[in-house]
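Inside the fold
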Amino acid sequence: MSQIKEVRFDFYKAVLGLKKGFRNELDRSTERLRRMKECPEEEWTEEKKGSIQRLEKIVRALHSEEELYQTKKWRLEDAIEAAVKGEISSVMKYGEVEIELDKETYIHDNEREPWLYAFQLTKLRATDLPSKKRIGRERENIDLQNDEFIGEFTQIIFDTRYNTIAIQSNRYGVGWSVVCKYLNYIRTCLLGKEGKEKYLYLVGELEPLVDERLAQKALQSGVYKKLKMKCSDVNVNGIISKENATVGSIAGIIGQQSGIVVEVTISVKGRKPTETLNDKDVEEAAQRFLEYMENPNVTPSMKKDANMELTYYNASMNASEAVNLLVPKVNFFVKIEAEERKPINAIYLFNETKKEYDKYFVRLKELMEEENVETDN
């Protein structure tokens with residue numbers, strides 16, 4: 001027996017950033033070097049010459065990092081290929097778990113689609129293990145050897161055309177922040193392999209790809225599959241109308257209590273495209289939320305712990321799309337057939353994801369080109 005699951009992918013831009021303190025360090029090192037060189041060279045001691053050489057190296061490295069930063073793009077393909085080929089480590093220690101690029105899931109067609117890199121990152125867990133259980137029988141431990149783990153995967157697609165990354169949203173796998181750490185890790189490993197110094201301040205970042213038009217697009221759809229909202233006792237009365245039949249009862253749940261934060265998800269049971277939550281209630285709740293969050297008279301502390309996300313049916317794409325009303329991140333959903341007692345096959349997941357990704361690419365292209373025009377101007 002199998003069931004259809006909708007797997008969500010969020011888009012991020014792979015960009016370069018500079019850690020806090022870069023400008024102060026560059027200015028301080030440059031000024032220190034200038035002062036050291038004020039003294040005539042014939043008066044330099046061997047110790048001073050060594051100090052000047054070390055400082056010159058630091059200043060050159062900082063200028064080089066600044067030049068790379070100005071290119072904006074975080075180039076990742078070389079590091080990914082090196083990890084897959086085993087030229088550098090493909091396993092990163094992260095807390096009590098290890099994160100590995102699963103080489104068996106790596107897909108790259110250098111002839112037909114050289115711009116596309118797909119792979120899965122697997123979280124390798126050896127603690128807090130689940131048990132096997134039969135109804136009416138005692139549960140059984142899952143015995144692992146010293147080199148065995150419970151693996152939880154996250155599918156990733158990296159596209160060099162616009163330096164974007166699509167990351168599967170998987171509660172059991174790694175999230176985007178850990179993906180970012182891992183990509184920085186293999187980049188550092190590659191620098192070491194090439195005999196280059198690791199960066200002092202330059203760092204790779206994954207920025208959510210945002211489309212400000214999404215909120216309005218969602219509110220014009222009229223077909224709402226899911227509503228997720230978060231509020232607290234401080235802002236619930238400003239965000240939620242008690243007369244709203246769909247969400248009004250949340251105010252009653254919080255009641256007169258203090259220090260309370262509530263997260264609620266309401267969704268339709270059916271999977272037909274036209275099945276929807278009460279559209280008027282959802283639109284009223286969303287408009288009220290936006291008005292509250294945009295009200296300059298409401299303090300930031302009152303807006304804290306407030307959020308809302310709508311999942312709506314996008315008729316033009318014949319697919320669902322989730323929109324965070326505060327940060328409208330671009331995403332897409334993939335329908336996957338999951339069989340009982342079987343993991344999802346990596347090739348099957350990629351093929352189904354690729355179908356949706358290809359349909360979405362025209363819109364992705366438009367967004368990135370619009371963003372590049374704004375940056376150039």
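Note that the structure is predicted; figures quoted are calculated from it, not measured. (Residues numbered from 1 in each chain as written. Predicted model: local features only at pLDDT ≥ 70, side-chain atom pairs only at ≥ 80, totals over all residues. Heavy atoms only, no water.)

**So, the pattern of salt bridges**
The test is simple: The salt bridge definition used is simple: a Lys or Arg side-chain nitrogen within 4 Å of an Asp or Glu carboxyl oxygen. The helix and strand labels rest on DSSP assignments: H or I over at least four residues marks a helix, E over at least two residues marks a strand, and numbering proceeds from the N terminus. For every residue, the accessible area obtained with a 1.4 Å probe (protein chains only) is divided by the maximum for its type, and the residue is called buried under 20%, exposed over 50%, and partly exposed between those limits.
For the structure shown, the criterion picks out 25 salt bridges. We note a salt bridge from aspartate 109 to arginine 112, for which the minimum N-O separation is 2.9 Å. Measuring nitrogen to oxygen at the nearest pair gives 3.1 Å for the salt bridge that ties lysine 355 to glutamate 352. One end of the pair, lysine 355, and the other, glutamate 352, are both in helix α10 (residues 346-376), three residues apart, so they sit about a helical turn from each other. Lysine 355 gets classed as partly exposed once you look at its relative accessible area, which sits at 49%. Beyond isolated ion pairs, a larger network of salt bridges with shared partners links Asp211, Arg213, Glu321, Arg363 and Glu370.

**Some points on helix α3 (residues 77-85)**
What α3 keeps buried is the set Glu77, Ala79, Ile80, Ala82, Ala83 and Val84. Residue glycine 86 follows α3 closely and has a positive phi angle near 80°.

**Considerations on the nonpolar core**
We count it as follows: Take the buried Ala, Val, Leu, Ile, Met, Phe, Trp, Tyr and Cys residues and link them wherever side-chain atoms come within 4.5 Å; each set so joined is a nonpolar core. Whether two residues touch is decided by their heavy atoms; if any such pair falls within 4.5 Å, the residues are in contact.
Grouped together as the largest cluster of nonpolar side chains are 52 residues, with contacts concentrated most on Phe11, Leu310, Leu325 and Tyr357. When residues of this core are assigned to their parent elements, the largest contribution, eight residues, is made by α10. Apart from residues lying up to four places away in sequence, leucine 310 is in contact with Ala218, Leu219, Tyr224, Lys226, Leu227, Val282, Ala286, Glu321, Ala322, Val323 and Leu325. Counting residues in hydrophobic clusters, the runner-up holds 33 residues, among them Ala79, Leu101, Ile156 and Ile165.

**Structural notes on the sheet that holds strand β10 (residues 224-232)**
We count it as follows: If DSSP finds at least two bridges between two strands, the strands pair. To get an axis, fit a line to the C-alpha atoms, keeping to the stretch in contact for a helix; angles then go from 0 to 180 degrees between the N-to-C directions.
Here we have four strands laid out as an open sheet, ordered β11-β10-β12-β13, and antiparallel in their pairing. Edge positions in the open sheet fall to β11 (261-267) and β13 (319-324), since each of these has one partner strand only. For this sheet, the mean inter-axis angle between neighbouring strands, taken without regard to orientation, is 10°. As judged from the six bridges shared by strand β12 (residues 307-314) and β13, these two strands associate in the antiparallel manner.

**A short note on the packing of α3 against helix α4 (residues 176-193)**
Rule in force here: Working definition: roughly parallel below 35 degrees, roughly antiparallel above 145 degrees, roughly perpendicular at 65 to 115 degrees, and oblique for all remaining angles. Each residue is assigned to one class: nonpolar for Ala, Val, Leu, Ile, Met, Phe, Trp, Tyr, Cys and Pro, charged for Asp, Glu, Lys and Arg, and polar for all the others, Gly among them.
Remark: α3 packs on α4, axes separated minimally by 9 Å, with the N-to-C direction vectors making an angle of 80°. As the angle between them shows, α3 and α4 are arranged roughly perpendicular. Mapping the contact onto sequence places Asp78, Ala79, Ile80, Ala82 and Ala83 in α3 and Ile186, Arg187 and Leu190 in α4. Its residues assigned to classes, the contact of α3 with α4 shows six nonpolar, no polar and two charged.

**What to know about the pairing of strand β8 (residues 164-168)**
For β8, a buried count of five out of five residues is recorded, marking the element as mostly surrounded by other parts of the structure. Here β8 shows no split at all, with Thr164, Ala166 and Gln168 on one side and Ile165 and Ile167 on the other all buried. Relative to β8, strand β1 (residues 2-18) runs antiparallel, the two sharing five bridges. If you follow phenylalanine 11 over to β8, its bridge partner there is alanine 166.

**A word on the pairing of β13**
Side-chain direction in a regular strand flips from residue to residue, so the side chains alternate between the two faces of the sheet. The buried count for β13 comes to six of six residues, which makes it a mostly enclosed element. Going residue by residue along β13, you find Ala319, Glu321 and Val323 tucked away on one face and Ser320, Ala322 and Asn324 tucked away on the opposite face as well. Following β12, the chain reverses through four residues before pairing antiparallel with β13; asparagine 318 in that reversal takes a positive phi of roughly 50°.

**Here we look at helix α2 (residues 46-71)**
What counts here: Here the expected length of a helix is defined as 1.5 Å per residue gap, with one fewer gap than residues.
With 26 residues, α2 extends 38 Å between its outermost C-alpha atoms, agreeing within 8% with the 38 Å of an ideal straight helix rising 1.5 Å per residue. Buried within α2 are the following residues: Gly50, Ile52, Leu55, Val59, Leu62, Glu65 and Glu66. Where α2 is buried, its residues meet β1, α1 (22-36) and β9 (202-208). Just past α2, the residue lysine 72 takes up positive phi, approximately 75°.

**Focus: unusual backbone geometry**
For asparagine 163, which is not glycine, the phi dihedral falls at a positive 55°. Among the secondary structure elements, asparagine 163 is positioned in the loop between β7 (150-159) and β8. Asparagine 163 gets classed as buried once you look at its relative accessible area, which sits at 2%. Positive phi, close to 65°, is recorded for aspartate 305, a residue that is not glycine. As for its position among the elements, aspartate 305 is in the loop between α9 (300-303) and β12.

**Brief notes about the packing of aromatic side chains**
What counts, and what does not: Between the rings of Phe, Tyr and Trp (Trp by its six-membered ring), a pair exists once the centres lie within 6.5 Å; its type follows the angle of the planes, with under 30 degrees stacked, over 60 edge-to-face, and the other angles tilted.
Summed over all chains, the structure comprises eleven aromatic pairs. Taken together, a centroid distance of 5.6 Å and an interplanar angle of 25° make the contact between tyrosine 12 and tryptophan 176 stacked. On the criterion of sequence distance, the pair formed by tyrosine 12 in strand β1 and tryptophan 176 in helix α4 is long-range, its members being 164 residues apart. Judged by its relative accessible area of 2%, tyrosine 12 falls in the buried class.

**What to know about the environment of asparagine 170**
This is how it is decided: We call two N or O atoms a polar contact when they sit within 3.5 Å, provided that within protein one can donate a hydrogen and the other can accept it, with sequence-adjacent residues counted only if both atoms are side-chain atoms.
Looking at the element boundaries, asparagine 170 is found in the loop between β8 and α4. You can call asparagine 170 buried: its relative accessible area is 19%. A sequence separation of 77 residues divides asparagine 170 from lysine 93, and the C-alpha atoms of the two residues are 20 Å apart. Apart from residues lying up to four places away in sequence, asparagine 170 is in contact with Phe153 and Thr154. Reaching out from asparagine 170, the side chain makes a polar contact with the backbone nitrogen of tyrosine 172 at a distance of 3.0 Å.

Purely spatial values, then, with no claim about function.
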